[in-house]
Amino acid sequence: MDSETLLETAPLVQGRLRDQRNDICKGYVEWAIFANGTPKEFSTQDIIDIIESETDILFEDIQINSALKKLEKEGLIEHMSGEIYTIQQQKDLDKIDSLINDCWGDFKKYLNDHPRDVDVHYIDSNMEQAFKDFLDIYVEELEEETALLEETQQDVMYTADILDMIDDVAEENNVDKKDVFKECLTDFLKQPSNALKEYVGIIYVAIVNSDLLSRQKSIELPEVPGEEKKVFFDSNVIQDLMCETDSEYPLIKNVVERSRELGFDLYYFPETVDDLQRSIDGAIREMGGLKDSNYSTQTFNNQFVKDWHRKYRKSGTEWDDYRATIQRWELEVETHYGIEEYQQDVGCPEEEIEYAEEIIDRIDSQRNKQPKKPDVLNHDAKILAKTSHLRDDTSGKHSIGPILLSLDNSVTQASDYAYQEGDWDEGISIPPRVWFNYLLTFTSAETGSHEIGEIILNVSANISSNPTIEEYSKAVEEKAGLESGSSELLAKYLRYSTYSDEIERSLRRDDGSADEWAFKALTNEEAMEEFTEHKQAKKRIRQMGERIQELEEENKELRASEGDTHIHNTAEAYGGEANSQAVSESEANATAEVSADLKQEIEGFVDLYYENVPREIKSNISPPPEDKSDLEKVRQWLNVVTTALNIADPSTAALTAVAEYGNRLLSEIENRL
């Protein structure tokens, strides 16, 4: 359906398909008669043909005739004879135009409040057309992404680049003050008016309804049997539910609340506990101290760290309080959302898990250069296979559940692939937005267009901004254990320092090197002296610098500890023996060829090691060699790590996965040496 037809029909085809299909059909009939240039005298077949040719929707004759009789009762048309009708009076279908004009009126307020002069009536008159063109393009994007969602079971809505769309319409309309237009429209999308929310909500319901009708998808769905009414949540969905400032939080929250209202039981599998905990541990580790880029994950890449920064900016939430909340996530999601760990034994055969793992790995390897880490892949395969196994056990003839909601497209695509191959039922795992669409169209749970628009705008018009030095300084204050309230002064100093550009560049790239530049800035005696000559905070800046220098010395000692003696002592500490002959031959083996795949596996293991091995074990092990192509040094380090893990008798699934991965990698390296 083209965007013009969608806009014209949208206000007429609202409602739930389950119990309002006839009203929706009547809306399409009204559009066909009054907005499509239909001659004064027309037949039932004329209306059927117009709707099918313009929208790809084929209604039954009985529905079209029922709609025509309703319009006749309203005095809009008159029945002549047989299937022939004539138009008695015109009906204005201008609601969407009125909404667009309201949106423009609201947007003009942003332009009027901008520091630069904007004259939308004369000098900058093309801004209005650019704004309306943007709404058209945005609608087209929504329609394309929803069609893709239904066809492939992958949701790409949250990856759309709205800023590029704004740039394009500004360029095409020759907007003079492009920067002003872009800035104001970005702000408008971040804080949409009620008119914009209403507009997007109406459009989105029309997109979902027309998409399902055009596919001839059954809408006479029965009540879901009780044993099928289970919804399982992947760790990434629960994480979004915990991160209330995330763009997808309103969508996930709506899905959870509506599902509960409809009597669905909400669960996560036991495997998800460790999987989500890894992300939480990563946030805690990242905020646990300043690091150099060899040992740091990207500072702002962790979703929990981002969420804390946004909450601190809005409400002043301190890290300790935030950390306490996410550490008790199981209690939080059960108390606030009724989501519990699934306690029953599923008894899923190992071959089903292996089948799921093979499909996910194949799809993920095609989509990403770097495949999933073993423990992540194993988690995804288990929860997908378990959901499929539970679906097999249900006795309902119309299986809708149990279902697994996941934001990982490789998981949902794997589910769809298994269905296409005839191995599984349809919809074992789906993106949350598919379930959201189902709740909109097939259930009695009502959601107003205003709320729908707000949810979709949050996801689709998500415009993230780069972390600022001020935000980063707050992180440094926490990570370095500086005095509370130091971040404001620290930010001023970092901006003053000669390293401010490097810090900002690192924050933009999220490459993990910002801490190193902060080290340099806060150990630069000359710069600190010059800065404090003009400030009344000399003592505090000095204290910060001293604290940073202490941390830098600790890091230097850590890096310097990598050596043959340390390896020997560490191996002995865990009952192993240092291989002196191998050490003496390390220079000869340092030039051994290492493939890109093997190097990637080594780097993947190092990430896994830092994410999952407890500090008390790592404290006795030297850091991994910086040169991952030196296989002998990597072998020595891996030998120490695996020995330590085996003696430690790891009890968690995560540590077991690290040990197994390490042993496999060690064998592969030894075969190459």
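Predicted model, so just to flag it, every value in this text is computed and none were measured. (Residues numbered from 1 in each chain as written. Predicted model: local features only at pLDDT ≥ 70, side-chain atom pairs only at ≥ 80, totals over all residues. Heavy atoms only, no water.)

### Describing the overall build of the chain
Thought 1: When you go through the chain residue by residue, the secondary structure sums to 33 helices and eight strands.
Thought 2: When each of the 673 residues of the chain is scored for burial, the buried share is 52%. (Helix = DSSP H or I, 4+ residues; strand = E, 2+ residues; numbered from the N terminus. Buried < 20%, exposed > 50% of the residue type's maximum accessible area, 1.4 Å probe, protein only.)

### Regarding the sheet that holds strand β1 (residues 41-43)
Thought 1: Spatially, the three strands line up as an open sheet ordered β1-β3-β2, and their pairing is antiparallel. Of all the strands in the sheet, just β1 and β2 (77-81) have a single pairing partner and so form its edges. Ignoring which end each strand starts from, the neighbouring axes of this sheet average 35 degrees apart.
Thought 2: With four bridges joining them, β2 and strand β3 (residues 84-87) adopt antiparallel strand pairing. By the bridge assignment, H79 is partnered in β3 with Y85.
Thought 3: Helix α3 (residues 44-55) rests against β1 and β3 of the sheet, and its axis sits at about 75 degrees to β1.
Thought 4: Against the sheet, helix α4 (residues 61-73) contacts β1, β2 and β3, and its axis sits at roughly 120 degrees relative to β2. (Pairing = 2+ DSSP bridges. Axes fitted to C-alpha atoms, helices over the stretch in contact; angles between N-to-C directions. Contact = heavy atoms within 4.5 Å.)

### Observations regarding the sheet that holds strand β4 (residues 230-233)
Thought 1: Across the sheet, which stays open at both edges, the five strands sit in the order β6-β5-β4-β7-β8 with parallel pairing between neighbours. Lying at the two open borders of the sheet, with one neighbouring strand each, are β6 (339-341) and β8 (429-430).
Thought 2: Helix α10 (residues 235-242) rests against β4, β5 (265-268), β6 and β7 (403-405) of the sheet, and its axis sits at about 80 degrees to β4.
Thought 3: The sheet contacts of helix α15 (residues 329-337) involve β5 and β6, and relative to β6 the element is tilted by about 135 degrees.

### What about unusual backbone geometry?
Thought 1: The backbone phi angle of D56 is positive, close to 65 degrees, even though this residue is not glycine.
Thought 2: Summarising the element assignment, D56 is placed in the loop between α3 and α4.
Thought 3: Even without being glycine, N174 reaches a positive phi, approximately 55 degrees.
Thought 4: In this fold, N174 is placed in the loop between α7 (162-172) and α8 (178-190).
Thought 5: Overall, the relative accessible area of 58% leaves N174 in the exposed class.

### Quick notes on the confidence of the model for the chain
Thought 1: Averaged over every residue, the pLDDT of the chain is 80; the share at 70 or more is 81%.
Thought 2: In this model, residues 218-222 is a region of pLDDT below 50 whose contacts with residues beyond four sequence positions or in other chains number ten contacts.
Thought 3: Taken as a whole, residues 562-593 scores under 50 in pLDDT and shows 47 contacts with residues more than four places along the chain or in a different chain. (pLDDT = per-residue confidence, 0-100.)

### Remarks on the nonpolar core
Thought 1: Membership of the largest hydrophobic core comes to 96 residues, with the highest contact counts inside it found for F134, F181, L189, Y199, W435 and I456.
Thought 2: Contact partners of Y199, with chain neighbours within four places excluded, come to L7, I96, L99, I100, C103, L135 and V139.
Thought 3: By size, the runner-up hydrophobic cluster in this structure holds 25 residues, among which are L608, Y609, V613 and A659. (Core = buried A, V, L, I, M, F, W, Y, C linked by side-chain atoms within 4.5 Å.)

### So, the pattern of salt bridges
Thought 1: Taken as a whole and assessed by the stated rule, the structure comprises 28 salt bridges.
Thought 2: Measuring nitrogen to oxygen at the nearest pair gives 3.3 Å for the salt bridge that ties D307 to K311. Of this pair, D307 and K311 are both found in helix α13 (residues 303-315), four residues apart, which corresponds to roughly one turn of the helix.
Thought 3: When the shortest N-O distance is used, the salt bridge between K474 and E318 registers 3.4 Å. With K474 in helix α21 (residues 469-479) and E318 in the loop between α13 and α14 (319-327), the pair connects residues that are 156 residues apart, well separated along the chain.
Thought 4: Under the relative-accessibility criterion, E318 is labelled partly exposed at 30%.
Thought 5: In the salt-bridge network here, residues are joined through shared partners; they are K26, E30, E74 and K91. (Salt bridge = Lys/Arg side-chain N within 4 Å of Asp/Glu carboxyl O.)

### Considerations on the environment of Q63
Thought 1: Positionally, Q63 belongs in helix α4.
Thought 2: Taking the C-alpha atoms as reference, Q63 lies 6.4 Å from N22; in sequence the two are 41 residues apart.
Thought 3: Ignoring any residue separated from it by four or fewer positions in sequence, one finds Q63 in contact with R21, N22 and C25.

### Let's talk about the packing of helix α23 (residues 500-509) against helix α24 (residues 514-522)
Thought 1: Two elements in contact, α23 and α24, have axes whose closest approach is 8 Å; the angle formed by their N-to-C orientations is 165 degrees. Of the possible angle classes, the one that applies to α23 and α24 is roughly antiparallel. With respect to the hand of their crossing, α23 and α24 are arranged in left-handed fashion. Residues E502, I503, S506 and L507 of α23 lie in contact with α24, whose contacting residues are A514, W517 and A518.
Thought 2: Here the contact of α23 with α24 is built from residues that sort into five nonpolar, one polar and one charged. (Parallel < 35°, antiparallel > 145°, perpendicular 65-115°, else oblique. Left-handed = near helix turned anticlockwise from the far one by under 90°. Nonpolar A, V, L, I, M, F, W, Y, C, P; charged D, E, K, R; others polar.)

### Here we look at the packing of helix α9 (residues 194-214) against helix α20 (residues 449-460)
Each pair of packed helices gets described by two things: the angle between the helix axes and the distance between those axes.
Thought 1: Here α9 crosses α20 at 90 degrees, and the two axes come no closer than 6 Å. For the element pair α9 / α20, the angle class is roughly perpendicular. Mapping the contact onto sequence places N194, L196, K197, E198, V200, G201, I202, Y204 and V205 in α9 and S449, H450, I452, G453, E454, I456 and L457 in α20.
Thought 2: Residue classes in the contact of α9 with α20 are distributed as eight nonpolar, five polar and three charged.

### A closer look at α24
Since the α-helix packs 3.6 residues into each turn, any two residues three or four apart lie on the same face.
Thought 1: Listed in full, the buried residues belonging to α24 are A514, D515, A518, F519, A521 and L522. Each buried residue of α24 lies within a common arc of 165 degrees when the element is viewed along its axis, so the set occupies one face. (Arc of directions from axis to C-beta.)

### Observations concerning the pairing of β4
Thought 1: Of the two faces of β4, the one lined by K230 and F232 and the one lined by V231 and F233 are each fully buried.
Thought 2: Bridge count for β4 against β5 is three bridges, and the pairing is parallel. Its bridge partner lying in β5, K230 is registered against D265.
Thought 3: Of the pairings in the sheet, the one linking β4 to β7 comprises three bridges and is parallel in character. Across the sheet, residue F232 finds its bridge partner in β7, namely L404.

### Some remarks on the packing of aromatic side chains
Thought 1: One pass over the structure, following the stated rule, counts 26 aromatic pairs.
Thought 2: Taking 5.7 Å as the distance between ring centres and 45 degrees as the angle between the ring planes, the aromatic pair formed by W104 and F131 counts as tilted. Taken together, the positions of W104 in helix α5 (residues 95-112) and F131 in helix α6 (residues 126-152) put the pair 27 residues apart, joining distant regions of the chain. We note that W104, like F131, is buried.
Thought 3: Note on W319 and Y322: the rings are 5.8 Å apart at their centroids and 35 degrees apart in plane angle, and the pair reads as tilted. Taken together, the residues W319 and Y322, both in helix α14 and three residues apart, mark about one turn of the helix.
Thought 4: Each residue in the set W104, F107, Y110, F131, F181 and F188 is aromatic and connected to the rest through ring pairs, giving one cluster.
Thought 5: Seen from the ring of F264, K229 lies directly overhead, with NZ or CZ sitting 5.1 Å from the centre. (Phe/Tyr/Trp six-rings, centres within 6.5 Å; stacked < 30°, edge-to-face > 60°. Lys NZ or Arg CZ within 6 Å of the ring centre and 35° of its normal.)

### Remarks on the side chain of K373
Thought 1: The residue K373 is located in the loop between α16 (350-367) and α17 (374-393) in this model.
Thought 2: For K373, a relative accessible area of 19% gives the class buried.
Thought 3: When neighbours within four sequence positions are excluded, K373 is seen to be in contact with G604, D607, L608 and E611.

### A few points about the environment of F232
Thought 1: Along the polypeptide, F232 turns up in strand β4.
Thought 2: For F232, a relative accessible area of 0% translates into the label buried.
Thought 3: With 172 residues separating them along the chain, F232 and L404 place their C-alpha atoms 4.6 Å apart.
Thought 4: Those residues in contact with F232 that sit more than four places away from it in its chain are Y267, Y268, F269, Y342, L390, P402, I403, L404 and L405.

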